[in-house]
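Okay, here's what each chain looks like letter by letter:
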Amino acid sequence: MESFFSRFKNVLVLVAVLLAQTIGLAIQVRRPVEVGAPDGKKVTLLRSSVVAAIAPIERFFHGIGYNVRYGWSNYVDLRGTKQENRSLKDEVARLRLEQAQLAEDALQGHRLQTLLNFQRNYVSTTVAAQVIGASGTDRSRVLYIDKGADEGLKVDQAVMTPDGIVGKIRAAFPHTSQILLINDPTSGAGVLLASTRIRAILRGNQTGHIVITNLTPDSRIKPGESVLTSGGDQIYPRGLSVGTIESIAPDPDHQPYTIIQIKPSTNLFQLEEVLVITGTRNDLSPLAKKDLAQGEARAKEMAAAKAAADEAAAEAAAQSAAQIISEKLPSIHEGGEAPGDKAPVDLSNPTAASPAPKPQPALHPDRYSPGATPPASSLKPGAEHGATEYVSPAPHPQRSAPQAQAPASEGEGDSPAASKPPAPKPPSTAPKPPSTQDKPKPRSTEPDNP
Amino acid sequence: MPSLSYTSRRELEEHSFSPAVTILVPVAAIVLQVLLSKLFWRFSMLDLPLIVAIFFAVSRRSPTVGTLTGAAIGLVQDALTGRPIGVNGMAKSVIGYIAASIGIQVDVDSLTTRVIMNFAFSMLNSAILFLIGRRLLGQTEIHMQWIQELLRALANTVVAIPVFLLLDTTKRAE
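Residues numbered from 1 in each chain as written. Chains lettered and ligands numbered in written order. Predicted model: local features only at pLDDT ≥ 70, side-chain atom pairs only at ≥ 80, totals over all residues. Heavy atoms only, no water.

Caption draft 1: The arrangement of the overall build of chain A in detail. Across its full length, chain A holds seven helices and 12 strands. Here chain A holds 450 residues, and the buried ones make up 28% of them. Long-range pairs, those at least 24 residues apart, make up 56% of the contacts in chain A between residues at least 6 apart in sequence. Put simply, chain A shows about 28400 Å² of open surface, and 58% of that area lies on carbon and sulfur atoms. (Helix = DSSP H or I, 4+ residues; strand = E, 2+ residues; numbered from the N terminus. Buried < 20%, exposed > 50% of the residue type's maximum accessible area, 1.4 Å probe, protein only. Contact = heavy atoms within 4.5 Å. Areas by Shrake-Rupley, 256 points an atom, 1.4 Å probe, with all protein chains shown as cover.)

Caption draft 2: The packing of aromatic side chains, seen in detail. Residue and element names in this part refer to chain B. For the coordinates displayed, the defined rule picks out seven aromatic pairs over all chains. Taken together, a centroid distance of 4.8 Å and an interplanar angle of 80 degrees make the contact between Phe17 and Phe56 edge-to-face. A residue pair is termed long-range when its members are at least 10 positions apart, and Phe17 in the loop between β1 (15-16) and α2 (19-39) and Phe56 in helix α3 (residues 48-60) qualify at 39 residues. Within the aromatic cluster, the residues linked to one another by ring pairs are Phe17, Phe55, Phe56 and Phe164. (Phe/Tyr/Trp six-rings, centres within 6.5 Å; stacked < 30°, edge-to-face > 60°.)

Caption draft 3: Just unusual backbone geometry, in detail. Residue and element names in this part refer to chain A. Residue Pro256 follows Gln255 across a cis peptide bond; omega there is 10 degrees. Within the fold, Pro256 resides in the loop between β10 (241-250) and β11 (258-264). You will see that Gln234, though not glycine, has its phi angle at about 65 degrees, which is positive.

Caption draft 4: Main features of the sheet that holds strand β2 (residues 142-145) of chain A. Residue and element names in this part refer to chain A. In space, the six strands of this closed barrel follow the order β1-β2-β5-β4-β3-β12, with antiparallel pairing throughout. Averaged over neighbouring strand pairs, the angle between their axes works out to 45 degrees when direction is ignored. Here strand β1 (residues 122-134) runs beside strand β12 (residues 273-281); their pairing, made up of eight bridges, is antiparallel. Across the sheet, Ala129 pairs through a bridge with Val274, a residue of β12. (Pairing = 2+ DSSP bridges. Axes fitted to C-alpha atoms, helices over the stretch in contact; angles between N-to-C directions.)

Caption draft 5: Here's a closer look at the sheet that holds strand β6 (residues 188-193) of chain A. Residue and element names in this part refer to chain A. One closed barrel holds the six strands; their spatial order is β6-β7-β8-β11-β10-β9, and the pairing between them is antiparallel. Across the sheet, the mean angle from the axis of one strand to that of its neighbour is 45 degrees, orientation sign disregarded. By the bridge criterion, four bridges tie strand β8 (residues 210-215) to β11 in an arrangement that is antiparallel. Looking across to β11, one finds that Leu215 is bridged to Thr258.

Caption draft 6: Broad picture of the pairing of strand β3 (residues 158-161) of chain A. Residues and elements named next belong to chain A. Every second residue of β3 is oriented toward a common face, with Ala158 and Met160 on one face and Val159 and Thr161 on the other, all of them buried. Bridge count for β3 against strand β4 (residues 164-172) is four bridges, and the pairing is antiparallel. Each bridged residue has a counterpart across the sheet, and for Val159 the counterpart in β4 is Gly167. As defined by bridge partners, β3 adjoins β12 across two bridges and the pair is classed as antiparallel. Paired with Met160 across the strands is Leu275, a residue of β12.

Caption draft 7: Fine view of the pattern of salt bridges. Under the criterion given, the structure shown has nine salt bridges over all chains. The closest approach of N and O atoms between A:Arg220 and A:Asp218, which form a salt bridge, is 2.9 Å. Accessibility expressed as a relative area gives 26% for A:Asp218, which makes it partly exposed. One salt-bridge network, held together by shared partners, links A:Asp138, A:Arg139, B:Glu149 and B:Arg152. (Salt bridge = Lys/Arg side-chain N within 4 Å of Asp/Glu carboxyl O.)

Geometric values such as these leave the question of function open.
Here it is, written out as structure tokens:
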């Protein structure tokens with residue numbers, strides 16, 4: 001028996017080592033996952049020990065590299081600072097305009113959400129951290145940051161950059177945390193396609209890309225569409241940028257599903273600083289509210305300025321139209337004045353600019369001709385129309401047309417109204433003051449009219 | 001006669017290392033791997049701990065020591081990843097055992113042997129990791145990407161040659 005062990009010592013050691021690790025793997029894989037703890041206690045202890053040994057070395061080297069870069073960028077490489085400052089100022093101005101444009105919609109959306117009692121999680125507190133290390137292998141995409149449980153970080157807290165989401169905290173050690181990147185094969189996130197509002201599940205693949213594999217082909221989904229977090233996974237707050245759709249292809253392994261590859265908003269391969277979301281709230285933070293209020297005020301100012309500009313433009317257009325009309329209408333030119341000879345029109349006083357045209361004298365005057373009708377003030381109740389004398393207000397420069405008593409022309413003889421001109425019927429009561437409404441109207445259709 | 005040759009070779013070329021080297025070199029390899037892959041993500045294709053495990057296994061020429069060294073390096077590597085602990089441990093245990101067994105019979109100091117050995121072990125490492133993932137962990141979505149694994153093996157081989165030459169200086173003949 002002793003010779004057996006001594007003879008097969010090496011093989012037995014190998015088998016024992018492999019068996020122990022296989023059992024360990026089986027325990028880790030089959031162990032029921034506790035909330036907030038991705039590993040069992042013993043595994044966590046082992047990881048914690050290794051990280052505690054390696055992290056200080058990583059931190060040391062990272063510190064050296066950071067100081068070198070910091071020194072270079074802050075003291076040596078300042079040549080483009082002025083130009084950069086100018087471009088940043090331009091960008092700030094542009095962003096202010098954008099903010100003003102979006103603020104009103106944002107406030108309205110916020111009010112509607114409040115009305116509908118939507119539970120919306122806004123990022124309220126974050127902890128900035130620096131990336132100090134990685135897993136060292138492309139088969140597991142995790143990072144290490146220089147903040148841990150002592151700084152308030154916990155497992156399953158979302159990690160992001162200003163550009164978009166990065167991943168979540170997988171393990172929190174006292175002064176270090178392990179981040180599981182979203183492009184790791186074991187990672188996942190609930191997402192929402194921005195324009196089509198289709199919900200999906202995002203995961204990493206072997207090659208380090210992030211893909212959606214649970215959607216069937218849909219013609220509405222197109223490359224370039226933005227992908228946002230949906231908030232359904234209870235880890236990433238809703239509305240954070242994930243990336244844009246890069247390509248859509250059929251999934252050869254799982255028909256009829258498609259593989260939608262996403263280009264992440266954040267460069268996951270070159271991360272230096274990240275933000276860990278440590279707190280969310282249902283309403284906007286005071287600072288965000290203040291920013292929105294500022295944006296809304298600016299939007300109102302912009303709207304008022306725009307309205308004033310529109311009004312000025314409309315007025316200018318109206319003036320231009322009046323000028324064109326005044327130039328083109330022949331009746332408004334006095335005597336033989338050519339339109340081009342006319343003095344400039346005073347647009348502020350349209351009555352002075354365009355005097356009322358005088359009517360041409362009638363060739364065959366009748367009782368409807370201008371000036372033929374006596375004014376109401378000259379009429380007397382019961383008086384004969386023909387006996388009334390008045391002075392016509394309208395001038396008749398060339399032809400003095402006969403008055404109402406004049407015999408009708410040949411063509412008009414057939415009309416009963418012509419042969420029997422109507423007289424205003426006096427009211428039975430006292431005469432009313434003259435007005436345009438009381439002016440006697442000709443009743444040509446009533447032959448029996450006295 | 002073969003057994004005489006076997007014994008003589010083993011006695012002649014078995015090396016040992018000081019405890020400091022035994023501990024510090026694997027730790028340095030792991031730290032360097034982590035730092036390099038953080039600095040430039042393409043370096044994560046390399047596997048410096050694997051190279052060190054192979055070197056110690058073939059130099060000591062003891063399958064037991066090679067197995068244990070490989071297991072230890074692999075477990076530490078696993079502890080830094082998000083994967084279950086034991087995946088790299090198992091792969092490097094097997095490689096440590098085979099490398100030490102080969103080291104007994106083959107001249108592992110020649111350049112050609114080192115090139116072939118590193119390339120083959122790198123491919124074997126990828127194959128074992130794939131099998132563990134696929135069969136033991138049930139990750140059916142993973143596939144063997146041959147081109148990537150060949151490139152990885154090639155890169156490991158290129159890096160392994162100078163690393164072996166450097167580590168040769170730490171050998172202590174018995």
